[in-house]
Amino acid sequence: MFINGEWREMTDTFAVYNPATGEEIGRVGNGRSSQANEAIQAAHTALASWSQTTAYQRSEVLYRAYQLMLERKKALAELMTREQGKPLKASTFEVQYGADFLLWFAEETKRIYGETIPSARADQRFIVAHQPVGVVGAITPWNYPISMITRKVAPALAAGCTIVLKPAEATPLCAIAIFEILEEAGVPAGVANLVTALDPAPIGHAFCTNPLVKKITFTGSTAVGKKLAQDAAPQLKRMSLELGGHAPFIVFDDADPVHAAKGASLVKFLNTGQACISPNRIFVHRAIMEPFLKTFSQRVSRMVAGNGMNAEVAIGPLVNEAAIEKVDEQVRDAVALGATLHNGGIRLTEGALVDGYFYAPTLLSGVTPAMRIYREETFGPVAAIIPFDDEDDILALANDTHYGLAAYVYTQNLSKAVRTFEGLNFGIIGINDINPTSAAAPFGGMKESGLGREGAREGIMEYLETKLGGFVV
Ligand code: NAD
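Residues numbered from 1 in each chain as written. Predicted model: local features only at pLDDT ≥ 70, side-chain atom pairs only at ≥ 80, totals over all residues. Heavy atoms only, no water.

*Asks:* Residues and numbers for the packing of helix α2 (residues 55-71) against helix α4 (residues 88-108), please.
*Replies:* For the pair α2 and α4, the least separation of the axes is 8 Å and the interaxial angle reads 160°. As far as their axial angle goes, α4 and α2 are roughly antiparallel. Viewed along their axes, α2 and α4 form a crossing whose handedness is left-handed. Contacts between α2 and α4 involve Ser 59, Leu 62, Tyr 63, Ala 65, Tyr 66, Met 69 and Leu 70 on the former and, on the latter, Val 95, Gln 96, Gly 98, Ala 99, Leu 102, Leu 103, Phe 105 and Ala 106. Within the contact of α2 with α4, the residues separate by chemical class into twelve nonpolar, three polar and no charged. (Axes fitted to C-alpha atoms, helices over the stretch in contact; angles between N-to-C directions. Helix = DSSP H or I, 4+ residues; strand = E, 2+ residues; numbered from the N terminus. Parallel < 35°, antiparallel > 145°, perpendicular 65-115°, else oblique. Left-handed = near helix turned anticlockwise from the far one by under 90°. Contact = heavy atoms within 4.5 Å. Nonpolar A, V, L, I, M, F, W, Y, C, P; charged D, E, K, R; others polar.)

Below you can see the structure in the form of structure tokens.
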């Protein structure tokens, strides 16, 4: 744990495991609410001076952290693959993506512009300025264990806020590596604090109830996001929530089915399906279903599951036993209700896979609204294909979910692309694009997928208050 600029050795620790091999790869301090409150106090004390630094001073620190991340890219990526399981190439991309937020907000801090507003009264002036919200409590998930941290820490620090972060209990080692970088980059004591814990609930409760915390930023499941929002409601804390998703992927009949199947299979199996923007319902026009399924199935059958340190591996492990069970239950439920299983549908335990949490990349067609997979977030390597005939219905079908994070559309027809973009109730829409993400672009969801946006210009505003000055002159 890193509190008030010091690394704490704890006697109470918990183990961290490699999900591909089951081997213990480290132990970290098991924080309780007392450590969380101590870190909050340190962040509160540090706020007085950090909030008064110039944007140029904050920018320099963030830029140094960015450079250190790039220098350590290989080591960070290897650590991520060992701790989280994604293939090394994907980990390397994530380290770059994570570093991009440091660079982006090192620049955005210099652009916290205010404005003047003309008044109807000749003797009155309006001036609008922004100031940091204060101490931030941040909670991050295990699936993107580095980029989800920098996506919060970089804008918070850029805005002049101080922060206490609780990373996921499955991936605290990546968090420690990032905080070592922040320390080396010159982040002053107390400005960024790290509390690791096996039981997240008391830490979350401390964030929600300690009056020194002015804002909570959370990435994780919708269920936990709602709990935190309820817990923080009595103090009306500002909340940013990046929650679950159930992305539709729509392939119109004018799309190239081979190209679309290639895109769908790439984004579906990204991070073994453990991504909030992973397609959960792949709607394919019946007229091109056959070539689409053929290409998709061929690609799935070539995917190699295993330890992400091996170059040929495309499918890493799931996070734990519960994830395997959830995925398997969704597949069995779909097959029992009439879905066709083309590939996978089983846990993989052969040879070196025996001690890991591996599930075969799975392709189901003929999925219907009666099946659990049609409504529940899968968070695993299962592609669910749903045929459609009528274009007029597809927007209503795609929007029929309480989630609203990402959606994908394949079409060559420009007006259809525009109509679909406008009609989909999702925060991020890829049109012939399976990677509509960047530090420069706003990331976030509608409906029960969350509140607020991360990255982009919007990302820093989440950490700023707006203050109006009315002056009579
Ligand atoms: P999770 O909600 O179980 O855990 C996320 C974080 O919350 C972890 O740090 C965990 O320790 C903590 N947590 C869990 N229970 C808590 C409690 N009672 N109080 C305080 N903190 C608590 O989610 P997960 O399984 O780790 O992550 C997967 C979920 O995250 C999926 O639903 C996925 O869609 C979502 N996600 C969303 C985004 C996004 O940007 N929208 C990005 C990545 C993941």
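*Asks:* Quick rundown of helix α11 (residues 321-336)? Include the residues and the values.
*Replies:* If you check α11, its first and last C-alpha atoms are 22 Å apart, about what 16 residues at 1.5 Å a residue would give, namely 22 Å. Ala 323, Ile 324, Val 327, Asp 328, Gln 330, Val 331 and Ala 334 are the residues of α11 that are buried. Down the axis of α11, the sector holding all buried residues measures 155°, keeping them to one side. Exposed residues on α11 whose side chains face more than 90 degrees from its buried face are Arg 332 and Ala 336. Buried residues along α11 sit against β14 (340-343), β15 (347-348), β16 (358-359), β17 (362-365) and β18 (382-388). One side-chain oxygen of the residue at the start of α11 lies 3.3 Å from the amide nitrogen of Ala 322, identifying that residue as Asn 320. Residue Gly 338 follows α11 closely and has a positive phi angle near 110°. (Expected span 1.5 Å × (residues − 1). Buried < 20%, exposed > 50% of the residue type's maximum accessible area, 1.4 Å probe, protein only. Arc of directions from axis to C-beta. Polar contact = N/O pair within 3.5 Å; in protein donor to acceptor, adjacent residues only side chain to side chain.)

*Asks:* If you had to explain the sheet that holds strand β5 (residues 115-117) to someone new, which residues and values would you point to?
*Replies:* In space, the three strands of this open sheet follow the order β5-β6-β22, with antiparallel pairing throughout. Of all strands in the sheet, those bounded by a partner on one side alone are β5 and β22 (464-472). Taking the axes of each pair of neighbouring strands and ignoring which way they run, one obtains an average angle of 25° across the sheet. (Pairing = 2+ DSSP bridges.)

*Asks:* Which residues make up the site of the ligand, and what values do they have?
*Replies:* Residues in close proximity to the ligand total 29 residues, the closest being Thr 140, Trp 142, Glu 169, Ser 221 and Glu 377. Between the ligand and Thr 140, the relevant distance is 2.7 Å, taken from an oxygen atom to a main-chain nitrogen or oxygen of the residue. Between an oxygen atom of the ligand and a side-chain N or O atom of Glu 169, the distance comes to 2.5 Å. Looking at the shell around the ligand, the elements that each hand over two or more residues are α5 (147-159), α7 (200-209), β10 (213-219) and α8 (222-232). (Near = heavy atom within 4 Å.)

*Asks:* Tell me about the domain arrangement of the protein chain, residues and numbers included.
*Replies:* Examined at the domain level, the protein chain breaks down into domain 1 (2-243 + 447-472) and domain 2 (247-431). Placing a centre on the C-alpha atoms of domain 1 and another on those of domain 2 gives a separation of 31 Å. Summed over both partners, the interface of domain 1 with domain 2 buries about 2000 Å², with 58% contributed by carbon and sulfur atoms. Where domain 1 touches domain 2, the interface holds zero salt bridges. Between domain 1 and domain 2 we count ten residue pairs in polar contact (both at pLDDT 80 or more) in total. For the side of domain 1 that touches domain 2, the element with the most residues is helix α3 (residues 73-84), which contributes three residues. Here the side of domain 1 that touches domain 2 is composed, by residue class, of eight nonpolar, eight polar and six charged. (Domains from an automatic or database assignment. Buried area = accessible area lost by both parts, 1.4 Å probe. Salt bridge = Lys/Arg side-chain N within 4 Å of Asp/Glu carboxyl O.)

*Asks:* An account of the sheet that holds β14 is requested, with residue identities and associated values reported.
*Replies:* Here seven strands make up an open sheet; going across it, the order is β14-β17-β18-β13-β12-β19-β20 and the pairing mixed. For this open sheet the edge positions go to β14 and β20 (428-431), each flanked by a neighbour on one side alone. Between one strand and the next, the sheet's axes are offset by a mean angle of 20°, whatever the strand orientation. Two elements, strand β19 (residues 406-410) and β20, share four bridges in a ladder whose sense is parallel. Bridge assignment links Val 409 to a residue of β20, and that residue is Ile 431. The strands touched by helix α9 (residues 257-268) within the sheet are β12 (247-251), β13 (279-285), β18 and β19, with β12 carrying the most contacts at an inclination of about 165°. Contacting β12, β13 and β18, helix α12 (residues 391-399) crosses the sheet at an angle of about 175° to β13.

*Asks:* Can you lay out the nonpolar core for me, pointing to particular residues and giving the numbers?
*Replies:* Counting residues in hydrophobic clusters, the biggest one holds 92 residues, and the most contacted among them are Met 69, Val 251, Phe 292, Phe 296 and Ile 385. Among the elements that line this core, the one with the most residues is helix α6 (residues 172-185), at ten residues. A domain-level breakdown of this core finds at least three residues from each of domain 1 (2-243 + 447-472) and domain 2 (247-431). In this structure Phe 296 touches Ala 261, Ala 264, Ser 265, Phe 269, Ile 282, Leu 363, Ala 383 and Ile 385, once residues within four positions along its chain are discounted. Core analysis: the second largest hydrophobic core is formed by 31 residues, Val 367, Ile 373, Ala 407 and Val 409 among them. (Core = buried A, V, L, I, M, F, W, Y, C linked by side-chain atoms within 4.5 Å.)

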